[in-house]
Amino acid sequence: MSKLTRSTEPNPEFLRHAIALASENARSGSGGPFAAVIVGEGRIVSEGVNSVTSTLDPTAHGEVNAIRAACKALGTFTLEGCELYTSCQPCPMCLAACYWSRLDAIYYGASDADAARAAKAIAHSALVKTAWAGSDPNWGRLVAALGYSGAAIDPQRIDIWFGALRICRDGGRAAEFDELAAHDYLKQPEFSIRIDLHQGEGSCVFWTTDLTTAYVHINADYSS
Ligand SMILES: [Zn+2]
């Protein structure tokens, strides 16, 4: 979780609520996967979901809708003393709207940069790459790389798939994890691994390779 302005300690529960609203909004087809909640005195004052497509309003972003609803609920045009939690890093329009409404703080879910940090740590891990060279579905090494990636993570909310195979759920071994099927899947020349950190709407696609014995020999058999 990142913050743009000063405040007291953020409450991750409010961010989770915003992310859940965003997911539901996308599932229901009402708008994009974005939502925000405004909190005052420790309780939710308003919620806003992206309704650009359903209301034909390009300014109807989750944050703007939440600000409008909060001002209406509180009977004021200033939200001093309130904080905004939003599922994604706010766009310039919403950031400006937050400043105009004088919110005390903005907290947002993981950005694309967070997703890239997480993916890069896995893609560059020698332990992960050597496991892949042996078609070993060792997902603990992926979780370990996520741990030192510097990305915002909650170890109990990590989900991992190898292709369509669910491997890890809520940070633990998925009940349906089929080690043999996962092993076979990783034998392919190319495969995909999907990870959902449930920290926001940021995303990243990252390409990498495994690390084979031949690769080590090639690079060890000469000196430069
Ligand atoms: Zn926006």
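Structure's up top.
In what follows, the accompanying structure is described. (Residues numbered from 1 in each chain as written. Predicted model: local features only at pLDDT ≥ 70, side-chain atom pairs only at ≥ 80, totals over all residues.)

1. A few points about the overall build of the protein
In terms of regular secondary structure, the protein is built from nine helices and nine strands. In terms of its C-alpha atoms, the protein occupies a principal-axis envelope of roughly 70 × 40 × 30 Å. Intrachain contacts of the protein at a sequence separation of at least 6 include 56% that bridge at least 24 residues. (Helix = DSSP H or I, 4+ residues; strand = E, 2+ residues; numbered from the N terminus. Contact = placed C-beta atoms within 7 Å.)

2. Comments concerning the pairing of strand β6 (residues 159–162)
Because side chains alternate across β6, one face comprises the buried residues I160 and F162, and the other comprises D159 and W161, none of which is buried. Here four bridges tie β6 to strand β9 (residues 193–196), and the two strands are oriented antiparallel to one another. Note on β9: the bridge partner recorded for I160 is I195. In this structure, β6 lies alongside strand β7 (residues 165–169), joined through three bridges in antiparallel fashion. Bridge pairing links F162 to L165 in β7. Linkage of β6 to β7, two consecutive antiparallel strands, is achieved through a turn of two residues, within which G163 is found at a positive phi near 60 degrees. (Buried ≥ 20, exposed ≤ 12 C-beta atoms within 10 Å, placed from the backbone. Pairing = 2+ DSSP bridges.)

3. Considering the pairing of strand β5 (residues 105–108)
Strand direction decides the pairing type here: strand β4 (residues 82–86) and β5, joined by four bridges, are parallel. Bridge pairing in β5 links E83 to A105. For the crossover that starts at β4, traverses helix α4 (residues 92–101) and ends in the parallel β5, the hand is right-handed. (Right-handed = clockwise from strand over helix to strand, strands pointing away.)

4. Observations regarding helix α6 (residues 126–133)
By the burial criterion, the buried members of α6 are V128, A131 and W132. Along the axis of α6, the buried residues cluster in a sector spanning 100 degrees; they form a single face. Contact partners of the buried residues in α6: α5 (112–123), α7 (140–148) and α8 (179–186). With its phi angle positive at about 50 degrees, S135 sits one or two positions after the end of α6. (Arc of directions from axis to C-beta.)

5. A look at the nonpolar core
Formed by 29 residues in total, the largest nonpolar core has its most connected members in A18, V37, I38, L84 and Y85. At the level of elements, α1 (12–28), β2 (35–40), α3 (62–74), β4, α4 and β5 are the ones that each hand at least two residues to this core. Counting residues per element, this core draws most heavily on α1, which supplies six residues. Look past the residues within four positions of V37 in its chain and what remains in contact with it is F14, H17, A18, I44, S46, E47, A66 and Y85. Counting residues in each nonpolar core, the second largest holds 25 residues, with A110, A118, V128 and A151 among its members. (Core = buried A, V, L, I, M, F, W, Y, C linked by C-beta atoms within 7 Å.)

6. Remarks on the packing of α5 against α7
With their axes 8 Å apart at the nearest point, α5 and α7 run at an angle of 130 degrees to one another. The pairing of α5 with α7 is recorded here as oblique in orientation. The element α5 and its partner α7 pack so that their crossing is right-handed. Contact residues: A118, A121 and I122 in α5; L142, A145, L146 and Y148 in α7. The class makeup of the residues in the contact of α5 with α7 is seven nonpolar, no polar and no charged. (Axes fitted to C-alpha atoms, helices over the stretch in contact; angles between N-to-C directions. Parallel < 35°, antiparallel > 145°, perpendicular 65-115°, else oblique. Left-handed = near helix turned anticlockwise from the far one by under 90°. Nonpolar A, V, L, I, M, F, W, Y, C, P; charged D, E, K, R; others polar.)

7. What about the sheet that holds strand β8 (residues 172–173)?
Whether parallel or antiparallel, the strands of a sheet pair through hydrogen bonds between backbone atoms. Strand order in this open sheet of four strands is β8-β7-β6-β9, and the pairing throughout is antiparallel. Taken across any chain shown, the strands that pair with only one partner, and hence form the sheet edges, are β8 and β9. Relative to β8, β7 is paired through two bridges, and the arrangement is antiparallel. Bridged to R169 within β8 is G172.

Function-wise, these values are silent; they only describe arrangement.
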